[in-house]
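# Breakdown of the fold
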Amino acid sequence: MKKNVLITGGAGFIGRWVVKAFLDDTPHRVYVLDDFSNGLRENLAEFANEPRLAEVKKGSIRQRKMVGGLVAKIKPDICLHLAAQIVVQDSIDDPVRTFESDVDGTFYLLEACRAAGTKFVFMSTCMVYDLSKPEGAIDETHPVLPRSPYAGAKLAGENMTISYYHAYGMPTAVLRPFNTYGPHQKATGEGGVVSIFLTRQIRGEDLLIYGTGHQTRDLLYVEDCADFLLRASTSGKVWGRTLNAATGSDITINKLARTVVDSAPDKTGSKIRRIKHIHPQSEIMKLCGDSSAAQKVLGWRPRVDIEDGLGRTRKWLEKLIAEKNSKWL
Ligand SMILES: NC(=O)c1ccc[n+]([C@@H]2O[C@H](COP(=O)([O-])OP(=O)(O)OC[C@H]3O[C@@H](n4cnc5c(N)ncnc54)[C@H](O)[C@@H]3O)[C@@H](O)[C@H]2O)c1
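Parameters at a glance
Residues numbered from 1 in each chain as written. Predicted model: local features only at pLDDT ≥ 70, side-chain atom pairs only at ≥ 80, totals over all residues. Domains from an automatic or database assignment. Contact = placed C-beta atoms within 7 Å. Helix = DSSP H or I, 4+ residues; strand = E, 2+ residues; numbered from the N terminus. Nonpolar A, V, L, I, M, F, W, Y, C, P; charged D, E, K, R; others polar. Core = buried A, V, L, I, M, F, W, Y, C linked by C-beta atoms within 7 Å. Buried ≥ 20, exposed ≤ 12 C-beta atoms within 10 Å, placed from the backbone. Near = placed C-beta within 6 Å. Pairing = 2+ DSSP bridges. Axes fitted to C-alpha atoms, helices over the stretch in contact; angles between N-to-C directions. Expected span 1.5 Å × (residues − 1). Arc of directions from axis to C-beta.

Entries for the chain in the domain assignment read domain 1 (4–180 + 221–245) and domain 2 (182–217 + 249–287 + 304–322). Each of domain 1 and domain 2 was reduced to a C-alpha centroid, and the two centroids are 25 Å apart. Contact with domain 1, which involves 21 residues of that partner, is made by 18 residues of domain 2. At the level of secondary structure, the elements contributing two or more residues to the side of domain 1 that touches domain 2 comprise α1 (13–25), α3 (88–93) and α7 (222–235). Of the residues contributing to the side of domain 1 that touches domain 2, the split by class is 12 nonpolar, five polar and four charged.

Shown next, in the form of structure tokens:
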């Protein structure tokens, strides 16, 4: 049956792929709410002629009245809440902006969804976890510790989300994907390490590593991440739960940089350099996720391995750079 789905942050990197997954794999009508603080209209350009992309509304989740009015009008079956200020350093520099957007905004959305009878899926992150042991992957029972206002805001959002499940019986869930990469991720700022390294290599610039480079990341290809969100929000099996999505293997930032340089079809002379970390106090040295719960509950597992994912991302970035398209660069 055709239903309405609201995707906040749908003009962003992951949001764009979630919009695509819903349009491709469900009959539902998709509504996007995004303030374009980091999102791009161009991320949704491919769907311009798709009538089931019903509305792309420019507005902030901080605007409580607008959020309430929008949700009351659309009456979405599900709200996938991805909108957030995502740059860790920005959250350290300006926690007010982060908390107003990611905590207050999440609360306004939850209230609007409660009033409209809308199921609510909160996009959290692996950045909420405390340090892990050198061996083994992190499952959902691993202790949490917010090392930045970004992670603190996410944990607040998680707690609000789960509290609505217990207090009101509202179908809510928390999703914690590990570091996600792929086409449409910006190669600016600090977040998209894969896009940043690939772009610098294609341009023949040096790859800069914050700190020792021994920090590891479990890199999830964005279409696998979007598939996880789609399955989780439509399965009916996740309410009241918190679920990881990860590949189960991690790579050091040193090795990632080396792989990007060594796997390049054209050697551009890029070198790898280590520089002083901008926020060593908020760095997480090992991130490797265990998503056996998602596999069990949803039958989800990642399909794109790192080689394939790097190749797809490289191809997209090479095209942008050749076309001198600087929107994402
Ligand atoms: N990229 C990753 O590795 C990763 C991993 C795990 C979780 N996440 C989470 O996934 C979500 C999407 O991340 P992304 O990497 O696509 O980032 P992104 O910045 O591309 O997407 C976030 C979107 O939210 C919008 N937004 C921000 N504040 C808003 C507000 N107040 N009102 C309305 N819209 C607002 C931005 O314009 C942007 O389009 C975020 O919640 C992020 O914390 C990301």
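The rest of the description comes next.
Let us look at the nonpolar core. Of all hydrophobic cores here, the largest spans 90 residues; its most connected members are Val18 and Leu175. Two domains share this core, each providing at least three of its residues, namely domain 1 (4–180 + 221–245) and domain 2 (182–217 + 249–287 + 304–322).

This part takes up the site of the ligand. For the ligand, the set of nearby residues contains 30 residues, the closest of which are Gly9, Gly12, Phe13, Gly39 and Ala84. Secondary structure elements with two or more residues in the shell around the ligand: α1, β2 (29–34) and α4 (95–116). Looking at the shell around the ligand, the element that brings in the most residues is α1, giving three residues. Taken together, the residues that form the shell around the ligand break down as 12 nonpolar, 15 polar and three charged.

In spatial order, the strands read β3-β2-β1-β4-β5-β6-β11; together these seven strands make up an open sheet with parallel pairing. Of all strands in the sheet, those bounded by a partner on one side alone are β3 (53–58) and β11 (242–245). The mean inter-strand angle of the sheet, taken between neighbouring strand axes irrespective of direction, is 15 degrees. Two strands pair when backbone bridges link them, and strand β1 (residues 4–8) and strand β4 (residues 78–81) are joined in this way by four bridges, in the parallel orientation.

Time to look at helix α10 (residues 306–322). Helix length check: α10 (17 residues) gives 24 Å between terminal C-alpha atoms against 24 Å at 1.5 Å per residue, within 8%. Of all the residues in α10, the buried ones are Gly309, Leu310, Thr313, Arg314 and Leu317. Taken down its axis, α10 places every buried residue within 130 degrees of arc, on the same side. Facing away from the buried side of α10 by more than 90 degrees, the exposed set consists of Glu307, Asp308, Lys315, Lys319 and Ala322. In this structure, the buried side of α10 is in contact with β7 (180–181), α6 (193–202), β10 (220–221) and α8 (253–262).

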